[in-house]
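Chains, contacts and geometry: an overview
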Amino acid sequence: MTRKDFKGKPISHLGMGAMRLPQVEEGWGKPVLFEKGAEIIDYLMAQGVNYFDTAYVYHGGDSERFLGRALQKYPRESYFLADKYNLLAQPDYRIQFPEQLERLQTDYIDFYLCHGISDNHIKGYLGNGGVEYFLEEKAKGRIKNLGFSFHGRPSVLRQALKYTQWDFVMIQLNYYDWFHGPAKEQYEILQEHNIPVMAMEPAHGGLLARLNEEGAALLQNAEPNRSLASWAFRFLLDLNITVILSGMSNMEQAQDNIATFQENKPLTLAEKELIHAASSSFFKSIGATCTFCRYCDGCPHKLDIPELLRIYNDYRVGGDWRLKRMDPLPPSERPSQCTGCGICVGQCPQSLDIPKFMAEMAGKGY
């Protein structure tokens, strides 16, 4: 297992995300099936993985309890724990943080994050005194490193970075978001600030382990014996990333990931071109292929069409909850204001049916 240096400590390049653990029954966020989950933990520890990431809300809180129990057999200094403060689940950080220590059965957390700073929640996270409280806990040694996970516009990332001296930042980083989303710009911003990067969603919640038929065929024909997920991880191997998280639900996924990281073989230039083609095929199958040329800026209702289409693509890949990025927008700037006049279609070099995309989002309440 390859390792990365973080302040003089060796951290496994592959980390385990404890959000999609084996469950006692079907359904999102159900309690963890301890025996199956513990088998994965033991296997990963034996293979050199020493970074485990959880959050207050994962599996309804059972993810933290599971890790606390599953890792008790190992010396505390042999692994790193990452956990997150969730503003929406329990705003009072003075209650949430001690409860997390209790669930994890530990005296300290190695990497502590504000969970999901975004366009909508940046004021809440940076204005409620929580960061100051966590810095006090860091001074006491109960938090070793303080950072945040991020879902939002690059400009909001820059705003968050100004608030304090963060030790690290976690962003959604995968080849789909690199080519068709904000990941590349976010990564470059963190490199500018010399902030260590933790990567979440390297396979975009499993979507890049499936792709569409054409995109999958491109990769499978080139490397029949490789999983689609391994292509996603290998895309990230030559970037400056401290930990690449993977939410592993079964032993097969864990074994496949270990094989990829033990090989430690980044993509060649030809393979990068191939994965770009596969990503573009997938993008065309689900989204609006907007290039942000802004020829459509003459909308009579002054809608920011490229930004709304960016949100549309995010929602098509990630689910309805991604539309909440529009919550801060006044009603006059939302897709529901589109009258379908078609002026934007005539201006679009891609001939995108923009009114159709706007109507779809309007149908979701926006």
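In the block above lies the structure referred to throughout.
Read on for an overview of the structure. (Residues numbered from 1 in each chain as written. Predicted model: local features only at pLDDT ≥ 70, side-chain atom pairs only at ≥ 80, totals over all residues. Heavy atoms only, no water.)

Focus: the pairing of strand β1 (residues 3-6)
- Direction of pairing for β1 relative to strand β2 (residues 9-12): antiparallel, over a ladder of 4 bridges. Residue pairing across strands places R3 opposite S12, the latter belonging to β2.
- Counting the residues between successive antiparallel strands, the hairpin from β1 to β2 contains 2 residues, one of them, K7, with a positive phi of roughly 55°. (Pairing = 2+ DSSP bridges. Helix = DSSP H or I, 4+ residues; strand = E, 2+ residues; numbered from the N terminus.)

A short note on the pattern of salt bridges
- Under the criterion given, the structure shown has 25 salt bridges.
- The salt bridge partner of D53 is K84, with a shortest N-O separation of 2.6 Å. Placement of the pair is D53 in strand β4 (residues 51-53) and K84 in strand β5 (residues 80-85), with a sequence separation of 31 residues. Grouping residues by exposure puts D53 and K84 together as buried.
- Where D238 meets K272, a salt bridge forms, and the shortest distance between an N and an O atom there is 2.9 Å. With D238 in the loop between α10 (228-236) and β10 (243-247) and K272 in helix α12 (residues 269-286), this residue pair connects regions lying 34 residues apart in the sequence.
- For D238, a relative accessible area of 40% translates into the label partly exposed. (Salt bridge = Lys/Arg side-chain N within 4 Å of Asp/Glu carboxyl O. Buried < 20%, exposed > 50% of the residue type's maximum accessible area, 1.4 Å probe, protein only.)

Some words on the layout of surface pockets
- Of the pockets and cavities examined, the second largest pocket occupies roughly 300 Å³.
- What lines the second largest pocket is a set of 15 residues, among which D119, R153, E307, R325 and L329 lie closest to the centre.
- Listing elements by their share of the lining of the second largest pocket, those giving two or more residues are α6 (154-161) and α13 (305-318).
- By residue number, the principal contributor to the lining of the second largest pocket is α13, which donates 3 residues.
- Taken together, the residues of the lining of the second largest pocket sort by class into 7 nonpolar, 1 polar and 7 charged. (1 Å grid on protein atoms, 1.4 Å probe; cavity = no way out; pocket = protein on both sides within 12 Å on 5 of 7 lines; lining within 4 Å. Points joined across faces, edges and corners; volume = space filled by probe spheres on them. Nonpolar A, V, L, I, M, F, W, Y, C, P; charged D, E, K, R; others polar.)

Thoughts on helix α9 (residues 213-222)
- Among all positions in α9, only G215, A216 and L219 are buried. The buried residues of α9 occupy an angular sector of 95° when projected down its axis, which confines them to one face. Exposed side chains of α9 directed beyond 90 degrees from the buried face belong to E213, E214 and N221.
- Each element contacted by the buried residues of α9 is listed here: α7 (175-180), α10 and α12. (Arc of directions from axis to C-beta. Contact = heavy atoms within 4.5 Å.)

Looking at the sheet that holds strand β7 (residues 143-151)
- Ordered by their spatial adjacency, 8 strands build a closed barrel running β3-β4-β5-β6-β7-β8-β9-β10, and the pairing between neighbours is parallel. Across the sheet, the mean angle separating the axes of adjacent strands is 25° when strand polarity is ignored.
- In terms of strand pairing, strand β9 (residues 197-200) meets β10 through 2 bridges, oriented parallel. Bridge pairing in β10 places A199 opposite I244.
- Sheet contacts for helix α5 (residues 130-140): β5, β6 (109-118) and β7; angle to β7, the most-contacted strand, approximately 150°. (Axes fitted to C-alpha atoms, helices over the stretch in contact; angles between N-to-C directions.)

Details of the environment of L303
- Within the secondary structure, L303 is located in the loop between α12 and α13.
- Residue L303 is classed as buried on the basis of its relative accessible area of 6%.
- Residues L303 and S230, spaced 73 residues apart in sequence, show a C-alpha to C-alpha distance of 39 Å.
- For L303, the residues in contact, after removing those within four places along its chain, are L308, S332, E333, R334, Q337 and C338.

So, the nonpolar core
- Among the nonpolar cores identified, the biggest contains 86 residues, and F52, F134, F148 and L173 are the most heavily contacted of them.
- Look past the residues within four positions of F52 in its chain and what remains in contact with it is M16, I41, M45, L67, L71, Y79, F80, L81 and A82.
- With 20 residues, the next largest nonpolar core counts I305, I311, L323 and C344 among its residues. (Core = buried A, V, L, I, M, F, W, Y, C linked by side-chain atoms within 4.5 Å.)

Considering the side chain of H115
- Looking at the secondary structure, you find H115 in strand β6.
- Once residues within four sequence positions are removed from consideration, H115 is found in contact with A55, V57, Y58, K84, Y85, N86, Y125 and S149.

Comments concerning helix α3 (residues 93-104)
- Compared with the 16 Å implied by 1.5 Å per residue over 12 residues, the 16 Å span of α3 between its first and last C-alpha is a close match.
- Of the surrounding elements, those touching the buried residues of α3 are α2 (62-70), β5, β6, α5 and β7.
- Among the residues of α3, the N-terminal cap falls to D92, whose side-chain oxygen and the backbone nitrogen of R94 are separated by 3.0 Å.
- One or two residues past the end of α3 sits Q105, with phi positive at roughly 55°. (Expected span 1.5 Å × (residues − 1). Polar contact = N/O pair within 3.5 Å; in protein donor to acceptor, adjacent residues only side chain to side chain.)

Structural notes on the packing of aromatic side chains
- Inspection of every chain in the model, using the stated rule, returns 25 aromatic pairs.
- Measuring from centroid to centroid gives 6.1 Å for Y93 and F134, while their planes differ by 70°, and the two rings are edge-to-face. Taken together, the positions of Y93 in helix α3 and F134 in helix α5 put the pair 41 residues apart, joining distant regions of the chain. Taken individually, Y93 and F134 each receive the classification buried, so the pair is uniform in this respect.
- Ring centres 5.2 Å apart and planes at 85° place the aromatic pair F111 and F168 in the edge-to-face group. Of this pair, F111 sits in strand β6 while F168 sits in strand β8 (residues 168-172), and the two are 57 residues apart along the sequence. With respect to burial, F111 and F168 carry one shared label: buried. (Phe/Tyr/Trp six-rings, centres within 6.5 Å; stacked < 30°, edge-to-face > 60°.)

Some points on unusual backbone geometry
- A positive phi angle is found at Q105, which is not glycine, with a value near 55°.
- Among the structural elements, Q105 can be located in the loop between α3 and β6.
- Phi at E201 is positive, roughly 50°, even though this residue is not glycine.
- For E201, the location among the structural elements is in the loop between β9 and α9.
- Relative accessible area serves as the criterion here: at 18%, E201 is assigned to the buried category.

Everything listed is a geometric property; what it means functionally is a separate question.
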